[in-house]
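Secondary and tertiary structure notes
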Amino acid sequence: MTKTLATPSTDTSVAARPTRPGRQRPSGPASATSVAPRRRRPSLAVLGLTPFALYVLLFLAIPSVLAITTGFVDKKGIFTLENVAALFSPQILGTFLSSFWVSGVTAVVGAIVGALVCYALLGTRPDGALRSSINSASSVLAQFGGVMLAFAFIATIGVQGLITVTLQNLGVNIYADGVWLYQVPGLLLPYLYFQVPLMVITFMPALEGLKPQWAEANATLGGSRLTFWVRVAGPILAPSFFGSLLLLFANAFSSYATAAALISQGAQIVPLQIRSALISETVLGRSNMAGALALGMIVVMVVLMFGYSLLQSKTARWQR
Amino acid sequence: MSASSPSAARPSAVRPSAVRPSAARVGAAPSRTVRTIILSLVGLLFAVPILAMIEFTFRDGLSGTYTLKHWLNLADPAVNTKYAPLATALGNSLVLVLVTVLLVLVLLLPTMILVELRFAKLRRVLEFICIIPITVPAIVLVVGLVPVYAVVVKVAGSSIWSLGFAYGITVLPYAYRAIQANLQTVDVITLSEAARSLGAGWSTVLFRIILPNLRRGVLAASFISVAVVLGEFTIASLLNRVNLQTALLLISKSDPYVAVIFSLLALAFAFVLLLLIGRLSTVGAVRRPRIPLLQKR
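Residues numbered from 1 in each chain as written. Chains lettered and ligands numbered in written order. Predicted model: local features only at pLDDT ≥ 70, side-chain atom pairs only at ≥ 80, totals over all residues. Heavy atoms only, no water.

In the nomenclature of an unreviewed UniProt entry, chain A corresponds to ABC transporter permease from the organism Subtercola boreus. Per UniProt, the comment on chain A under Sequence similarities (unreviewed entry) is "Belongs to the binding-protein-dependent transport system permease family. CysTW subfamily." (UniProt positions renumbered as here; feature names shortened; annotations may be inferred.)

Next comes the structure, spelled out in structure tokens:
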């Protein structure tokens, strides 16, 4: 579509060339032939890309490479596999397992609740007040991680929290077995508070993509609502649903601030273990363990995001 | 079906989401009761922590009574000297917001326009680069940022603004998506070539043709960057810098009330910002069909 719109105008750009040289698009089927004599010019325009490239190199590429590779050297800078091997020690495997557990539970629950919200929004006007305010609220809450979220839950289910005290007056003590808010299980509710809105944001476009014609065709052919959901909408939405689920898992797996604000001591999940590795410089009596942990996290994240983009491309087929 | 028939007569190029779904949506949409139950239940559950925060700010210690003291303290010069570190931190965060938005406008935006105009083949590469910070989250990036900032501090000193370079990377996916969503709806190539064939110079094309058309995307990208930077904790905390979030955590240990009040204010501010983004995109959706020729989709 873009090319058919753009190609006719290439002639005008060629006509204007004598006065303003060196600004033709180097690509595109039509311009490739007509601009051939000026091929050398793009080298000037490439200069325009260098500031951003340099910035990304310095603050994204180098830190990423450093984060991954420091795990492979010891304190004296000599290559070693010991840190990476230490990833498989029971202590660190345990934190990975807790991380997977928190991410898994919050991703599954968040995906189901979020999908229900999307489903409830289906009949509403896309530009209506309800939809747009829920959209905005979701984008705020999906970003609402960290210190402020920890405060919100300390005020809600902390030892003196609103819900804790209210339930206590009713004779229910949520902390009968000890205070779990500042432990790994305490992360579940705060994490759900940003997982559900994230699901709403990522899954809503897929649900909106369900064409009314499909439901009408299903009804015309004598299908029930159940048939529609099980045999039409279900298969179409499945890749998008599981893709969003993976994104939620990745989101919980990589979040640090909420856990850091709630759990001030210890290394119960992987991001917190990176914290103690960075602060004390030694975990398990090794230096550069932070690098190995970062490597472990990146491997998990790459697998997750690869799966996400794979499922996403399956979804894209129906979203046209 | 009669309600949707005028819109159904339009060409299918009109975005389906712009078409009002009729009441006769067979099968897909839930009934009114189901919708009300789901939305009010989830809405209630999500309101509880916010209400708990508000309730907390009116508490008078552990006495069980309520007071306006904590809110009035903010305006009381005798007490609020205590909050000076928080004010400094807020100032730091505002500087970081400024640097980050500047990086988005000066580095990312021109690059995206240039790629759109001249290097169509690099579009996927640029997208890939801008999505990387999702796969390499802040907690991983910070491991590599520690040695990088050891150098940065030697070169640029230890003042707070240099942290903005790291934040420019964290906002990259959000800012990219906001600008790209706008860029997709505007045919910048045709626009710029039309302008140049009428004798416009490149600065005219950029500032009077392309940027006005990208206003919505640029604003949305700036707003989301503001929201992300104001909420950032991970990098600042692990690089031992002071920003709003690290200061909030610190002050919450001595005065939890003011920490919660500031959190509420920051949350309200972010909500207004994102409401504005939402408003921007709906305004755009209404206006877009007026210039169908320049639409790509």
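1. A few points about the overall build of chain B
Secondary structure assignment for chain B yields 15 helices and zero strands. Looking at the 297 residues of chain B, the share that counts as buried comes to 51%. Here the analysis covers contacts within chain B between residues at least 6 apart in sequence; of these, 74% occur between residues at least 24 apart. (Helix = DSSP H or I, 4+ residues; strand = E, 2+ residues; numbered from the N terminus. Buried < 20%, exposed > 50% of the residue type's maximum accessible area, 1.4 Å probe, protein only. Contact = heavy atoms within 4.5 Å.)

2. Some details on the pattern of salt bridges
Residues and elements named next belong to chain A. In the structure shown here, the tally under the stated rule is five salt bridges over all chains. For R131, the salt bridge is made with E208, and the minimal N-O distance between the two is 2.5 Å. Within this pair, whereas R131 is found in helix 8 (residues 129-142), its partner E208 is found in helix 11 (residues 188-208), the two being separated by 77 residues in sequence. With a relative accessible area of 3%, R131 lands in the buried category. (Salt bridge = Lys/Arg side-chain N within 4 Å of Asp/Glu carboxyl O.)

3. Re helix 7 (residues 138-156) of chain B
Spanning 19 residues, helix 7 of chain B covers only 22 Å between terminal C-alpha atoms, well under the ideal 27 Å at 1.5 Å per step. At L145 of chain B, helix 7 of chain B shows its maximal kink, close to 40°; a proline, P147 of chain B, follows between one and four residues later. Where helix 7 of chain B is buried, its residues meet helix 5 (50-69), helix 13 (225-254), helix 15 (270-280) and helix 16 (289-316) of chain A together with helix 8 (163-170) and helix 13 (234-238) of chain B. Positive backbone phi, at 80°, marks G157 of chain B, one or two positions downstream of helix 7 of chain B. (Expected span 1.5 Å × (residues − 1). Bend = angle between axes of the 7 residues up to and from the residue.)

4. Considerations on empty space enclosed by the protein
Under the criterion given, the structure shown has eight cavities of 30 Å³ or more. Reported here for the largest cavity is a volume of approximately 140 Å³. Contributing to the lining of the largest cavity are 14 residues, with Q143 and M148 of chain A together with A227, G231 and A270 of chain B lying nearest its centre. Every element with two or more residues in the lining of the largest cavity is listed here: helix 12 (215-230), helix 14 (244-251) and helix 15 (256-287) of chain B. With four residues, helix 15 of chain B is the single largest residue contributor to the lining of the largest cavity. When grouped by side-chain class, the residues that make up the lining of the largest cavity number ten nonpolar, four polar and no charged. (1 Å grid on protein atoms, 1.4 Å probe; cavity = no way out; pocket = protein on both sides within 12 Å on 5 of 7 lines; lining within 4 Å. Points joined across faces, edges and corners; volume = space filled by probe spheres on them. Nonpolar A, V, L, I, M, F, W, Y, C, P; charged D, E, K, R; others polar.)

5. Some details on helix 10 (residues 188-197) of chain B
All names here are of chain B. When you tally the buried positions in helix 10, you get seven out of ten residues, the bulk of the element. The complete set of buried residues in helix 10 reads V188, I189, L191, S192, E193, A195 and R196. The positive-phi residue at the C-terminal boundary of helix 10 is G199, with phi of around 95°.

6. So, the UniProt feature "transmembrane region" (unreviewed entry) in chain A
Residues and elements named next belong to chain A. Those places that UniProt annotates as "transmembrane region" (unreviewed entry) correspond, in this numbering, to residues 44-72, 92-122, 143-167, 187-207, 228-250 and 290-311. Secondary structure across residues 228-250 divides into 100% helix and 0% strand, with the first and last C-alpha atoms of the span separated by 31 Å. With 100% helix and 0% strand, residues 290-311 has end C-alpha atoms that lie 31 Å from one another.

7. Here we look at the packing of helix 5 of chain A against helix 5 (residues 84-118) of chain B
If you want to describe how two helices pack, look at the angle between their axes and the distance between the axes. Relative to each other, helix 5 of chain A and helix 5 of chain B sit at 115°, their axes nearing to 8 Å. Both helix 5 of chain A and helix 5 of chain B take part in a crossing whose hand is left-handed. Residues P51, F52 and Y55 of chain A of helix 5 of chain A form the contact with helix 5 of chain B, whose participating residues are L103, L107, L108 and T111 of chain B. When grouped by side-chain class, the residues that make up the contact of helix 5 of chain A with helix 5 of chain B number six nonpolar, one polar and no charged. (Axes fitted to C-alpha atoms, helices over the stretch in contact; angles between N-to-C directions. Left-handed = near helix turned anticlockwise from the far one by under 90°.)

8. What about the interface of chain A and chain B?
Interface size, as often reported, equals the accessible area lost upon joining of the parts. Facing 94 residues of chain A, the contacting portion of chain B comprises 98 residues. A combined buried area of about 8,300 Å² lies between chain A and chain B, and 75% of that area is made up of carbon and sulfur atoms. When residues of chain A are sorted by the area they lose upon contact with chain B, F52, Y55 and F59 of chain A head the list and together hold 9% of the total. Along the contact surface separating chain A from chain B lie zero salt bridges. Viewed at the interface, chain B and chain A are joined by five residue pairs in polar contact (both at pLDDT 80 or more). For the side of chain A that touches chain B, the element with the highest residue contribution is helix 5 of chain A, accounting for twelve residues. For the side of chain A that touches chain B, the residue count by class is 66 nonpolar, 21 polar and seven charged. (Buried area = accessible area lost by both parts, 1.4 Å probe. Polar contact = N/O pair within 3.5 Å; in protein donor to acceptor, adjacent residues only side chain to side chain.)

9. A look at the packing of aromatic side chains
Residue and element names in this part refer to chain A. Across all of its chains, the model carries 22 aromatic pairs over all chains by this definition. With centroids separated by 6.5 Å and ring planes inclined at 15°, the aromatic side chains of F249 and F253 adopt a geometry described as stacked. Of this pair, F249 and F253 both sit in helix 13, four residues apart, which is roughly one turn of that helix. Classification of F253 as buried rests on a relative accessible area of 1%. (Phe/Tyr/Trp six-rings, centres within 6.5 Å; stacked < 30°, edge-to-face > 60°.)

10. Things to note about the layout of surface pockets
Put simply, the second largest pocket is a space of about 970 Å³. In terms of lining residues, the second largest pocket is bounded by 41 residues, among which F151 of chain A together with L249, L250, S252 and K253 of chain B are the most central. Of all the elements, helix 14 of chain B adds the most residues to the lining of the second largest pocket, at five residues. A breakdown of the residues in the lining of the second largest pocket according to their chemical character gives 27 nonpolar, ten polar and four charged.

11. Quick look at a nonpolar patch on the surface
Residues L54, L57, L58 and I62 of chain A make up a contiguous nonpolar surface patch of roughly 340 Å² in combined accessible area. In this structure, L58 of chain A sits in helix 5. (Patch = residues over 30% accessible without salt bridge, like charges linked within 9 Å, V, L, I, M, F, W, Y side chains within 5 Å. Areas by Shrake-Rupley, 256 points an atom, 1.4 Å probe, with all protein chains shown as cover.)

12. Observations regarding the confidence of the model for chain B
All names here are of chain B. Counting all residues, the mean pLDDT for chain B is 82, and 85% of those residues have values of 70 or more. In the model of chain B, helix 1 (residues 5-8) stands out as the element of lowest mean pLDDT, 42, in contrast to helix 8, which has the highest, 95. Throughout residues 1-25 the model reports pLDDT below 50, and contacts reaching past four residues in sequence, or to other chains, amount to 19 contacts. Low pLDDT, under 50, characterises residues 284-297; the predicted model gives this stretch 25 contacts beyond four residues in sequence or across chains. (pLDDT = per-residue confidence, 0-100.)

13. Comments concerning the nonpolar core
Core analysis: the largest hydrophobic core is formed by 182 residues, its most contacted members being L108, L163, I235 and L248 of chain B. Take this core: its biggest share by element is 16 residues, from helix 5 of chain B. Setting aside chain neighbours within four positions, we find L248 of chain B in contact with V147, M148 and F151 of chain A together with L86, A259, F262 and S263 of chain B. (Core = buried A, V, L, I, M, F, W, Y, C linked by side-chain atoms within 4.5 Å.)

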